[in-house]
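Listed here are the chains, written in short residue letters.
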Amino acid sequence: MKLGICIALGALVWICFGESARFDWVRYDDGDYVYRSGRVTSGLNLQSVIWSFTNFHAHNWHPITTLSHMLNCQLFGVTPAYAETGRFADAIETATRGRRLAERESNRSFADEFAANISRYQQHLPLRDISLQLVDE
């Protein structure tokens, strides 16, 4: 019975959030929480676990969240962007969906940004955002 509940909960979480495994960075706070933090991007080890419980990170004390980000970086790497990993067809598809959404919401600046990104991806050029440079804390 307990195993069935666990499997059902796991399936429910995957149904609700599984698609997010294909999402790109969010420019709002992912830099602060993940990719601009050398401590986080270095993954899990004894020092990083101690650090997460004894320091504030991104102006917050949230050691479990920090440990989760460290584990994600260790297991899946730091760069989720399709074009960065040579998956240009996926990058084009995702950016096209973003452009359509921006157009539907009458957000011309985002639509134009997506269009420029699509053009780069069609030339097999990844988007190089200088704000994505990794730095140590």
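Preceding this section is the structure that the text describes.
Keep in mind the model is a prediction, meaning the values are calculated, not measured.

Trainee: Any details on a nonpolar patch on the surface? Residues and values, ideally.
Mentor: A cluster of nonpolar side chains, namely Met1, Ile5, Leu9 and Leu12, defines an oily patch on the protein surface of about 470 Å² accessible area. A residue is classified by how much of its surface remains accessible, and Leu12, at 47% relative accessible area, is partly exposed.

Trainee: Give a description of the pattern of salt bridges that names residues and reports values.
Mentor: Once their charged atoms are close, side chains differing in charge can pair, the charge on each being opposite to the other. Applying the stated rule across the entire model yields three salt bridges. We note a salt bridge from Arg97 to Glu93, for which the minimum N-O separation is 3.4 Å. Within this pair, Arg97 and its partner Glu93 are both found in helix H6 (residues 88–104), separated by four residues, close to a single helical turn. Residue Glu93 is classed as partly exposed on the basis of its relative accessible area of 41%. A salt bridge links Arg99 to Glu103; the shortest N-O distance between them is 3.6 Å.

Trainee: Describe unusual backbone geometry, and please don't skip the residues or the numbers.
Mentor: In the Ramachandran plot, Ser106 falls in the positive-phi region, its phi being about 60° despite a non-glycine side chain. Locating Ser106 in the fold gives a position in the loop between H6 and helix H7 (108–122).

Trainee: Quick rundown of H6? Include the residues and the values.
Mentor: Its 17 residues place the ends of H6 24 Å apart at the C-alpha level, agreeing with the 24 Å of an ideal helix rising 1.5 Å per residue. Turning to H6, its buried residues are Phe88, Ala91, Ala95, Thr96, Gly98 and Ala102. For H6, the buried positions fall inside an angular range of 165° around the axis, keeping them on one side. Across H6 from its buried face, at more than 90 degrees, point the exposed residues Ala89, Arg100 and Arg104. On its buried face, H6 sits against H7. Looking one or two residues beyond H6, the residue adopting positive phi is Ser106, at roughly 60°.

Conventions adopted
Residues numbered from 1 in each chain as written. Predicted model: local features only at pLDDT ≥ 70, side-chain atom pairs only at ≥ 80, totals over all residues. Heavy atoms only, no water. Patch = residues over 30% accessible without salt bridge, like charges linked within 9 Å, V, L, I, M, F, W, Y side chains within 5 Å. Areas by Shrake-Rupley, 256 points an atom, 1.4 Å probe, with all protein chains shown as cover. Salt bridge = Lys/Arg side-chain N within 4 Å of Asp/Glu carboxyl O. Buried < 20%, exposed > 50% of the residue type's maximum accessible area, 1.4 Å probe, protein only. Helix = DSSP H or I, 4+ residues; strand = E, 2+ residues; numbered from the N terminus. Expected span 1.5 Å × (residues − 1). Arc of directions from axis to C-beta. Contact = heavy atoms within 4.5 Å.

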